[in-house]
Amino acid sequence: MFSLNTYNIISMHKGDDLEIVLTLDCGDNLCHIRYELGENDIVYFAIMENCQSFENALVRKVFTKDNLDENKDVVITLTPNDTICLLPTDYWYEIKLKRISNDKEEIHTVVPKTKFTILE
């Protein structure tokens, strides 16, 4: 089992499966606009130690248009192999979106570094 609280903090048992539905929003606090992944867009999910960079994350997963559900939301999944070797402690996760628009590559942080706890 896992939990995702209102502050986006994730807690899960090591070696479990995890599935989180991510709705991408390109609007603001007043006007929400759903963003649907384009053909070349990529969502990156990473788990890091406290002072570790995103690029050197312990776990990095890639999600594309192939990982959308029926509502066009990104389904982020972790398998047991992704966390089985992690020690039970606090980590951090971050989610980034790489968009290609008009042949220009843009990187956007969708969820900034947020607590991710691995339980025994």
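In the block above lies the structure referred to throughout.
Residues numbered from 1 in each chain as written. Predicted model: local features only at pLDDT ≥ 70, side-chain atom pairs only at ≥ 80, totals over all residues. Heavy atoms only, no water.

1. What to know about the pairing of strand 8 (residues 104–119)
Part 1 of the argument: Sheet topology places strand 2 (residues 10–13) next to strand 8; four bridges connect them, and they run parallel. Across the sheet, the residue bridging to I10 is F116, located in strand 8.
Part 2 of the argument: Bridge analysis of strand 7 (residues 90–101) against strand 8 gives eleven bridges, and the strand direction is antiparallel. Residue pairing in the sheet places I100 in a bridge with E105 of strand 8.
Part 3 of the argument: Taking the residues that link successive antiparallel strands as the turn, the strand 7-strand 8 hairpin has two residues, and the phi of N102 there is positive, at about 55°. (Pairing = 2+ DSSP bridges. Helix = DSSP H or I, 4+ residues; strand = E, 2+ residues; numbered from the N terminus.)

2. Quick look at the side chain of Q52
Part 1 of the argument: Inspection of the secondary structure assignment puts Q52 in the loop between strand 4 (42–48) and strand 5 (59–63).
Part 2 of the argument: A relative accessible area of 17% means that Q52 is categorised as buried.
Part 3 of the argument: A polar contact of 2.9 Å, which involves the side chain of Q52, links it to the backbone nitrogen of E49.
Part 4 of the argument: From its side chain, Q52 meets the backbone oxygen of N56 in a polar contact 2.5 Å long.
Part 5 of the argument: Every residue in contact with Q52, bar those within four places of it in the chain, is listed here: A57, L58 and K113. (Buried < 20%, exposed > 50% of the residue type's maximum accessible area, 1.4 Å probe, protein only. Polar contact = N/O pair within 3.5 Å; in protein donor to acceptor, adjacent residues only side chain to side chain. Contact = heavy atoms within 4.5 Å.)

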